[in-house]
Amino acid sequence: EMWVAIQHRLRRLCLEQDMTIHKLAECSGLPPSTVYSILNGKSKNPGVMSIQSVCNGLKVSMKYFFDDDLFENDDNDLGRVKIFSHFSLQARHEW
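Heads up: these notes are all about the structure in this document. (Residues numbered from 1 in each chain as written. Predicted model: local features only at pLDDT ≥ 70, side-chain atom pairs only at ≥ 80, totals over all residues. Heavy atoms only, no water.)

## Observations concerning helix 2 (residues 21–28)
So, point 1. Along helix 2, the residues that are buried comprise Ile21, Leu24, Ala25 and Ser28. In a view along the axis of helix 2, the buried residues occupy a sector of 100°, so they form one face of it.
So, point 2. Immediately downstream of helix 2, the backbone of Gly29 shows phi near 75°, a positive value. (Buried < 20%, exposed > 50% of the residue type's maximum accessible area, 1.4 Å probe, protein only. Helix = DSSP H or I, 4+ residues; strand = E, 2+ residues; numbered from the N terminus. Arc of directions from axis to C-beta.)

Structure (structure tokens):
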């Protein structure tokens, strides 16, 4: 499932950067409860803006975030297309 892949990717990037979950929330500008919800599975469909904020906090692009073997199976490819389609629509709406 996409949310499991997102969860694992976030954990791995935090470990690589020696960043605590609380520090990630602080750097992302998100409430700690939002980050914890993503990481503990309460949020099975995290919003694009939440993922973008987390990526900003980790100082990685969304492209880099999703460019991982965790997102390689067919189900996740469909989910990735939905995420980027949604993100594109949101970005156009904000302009």
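After that view of the structure, there is still more to cover.
## Here we look at helix 1 (residues 2–16)
So, point 1. Relative to the 21 Å expected for 15 residues at 1.5 Å per residue, helix 1 spans 21 Å between its end C-alpha atoms, a close match to the ideal helical length.
So, point 2. Turning to helix 1, its buried residues are Met2, Trp3, Ala5, Ile6, Gln7, Arg9, Leu10, Leu13 and Cys14. (Expected span 1.5 Å × (residues − 1).)

## What about the nonpolar core?
In summary, soluble globular proteins display a tendency toward joint burial of nonpolar side chains.
So, point 1. Judged by nonpolar contacts, the single largest core of 24 residues is most densely connected at Ile6, Leu10, Leu58, Phe65 and Phe66.
So, point 2. Secondary structure elements with two or more residues in this core: helix 1, helix 2, helix 3 (32–39), helix 4 (48–58) and helix 5 (62–66).
So, point 3. The element best represented in this core is helix 1, accounting for six residues.
So, point 4. Excluding its chain neighbours within four sequence positions, the residues that come into contact with Phe65 are Ile6, Arg9, Leu10, Leu13, Ile51, Cys55 and Phe71. (Core = buried A, V, L, I, M, F, W, Y, C linked by side-chain atoms within 4.5 Å. Contact = heavy atoms within 4.5 Å.)

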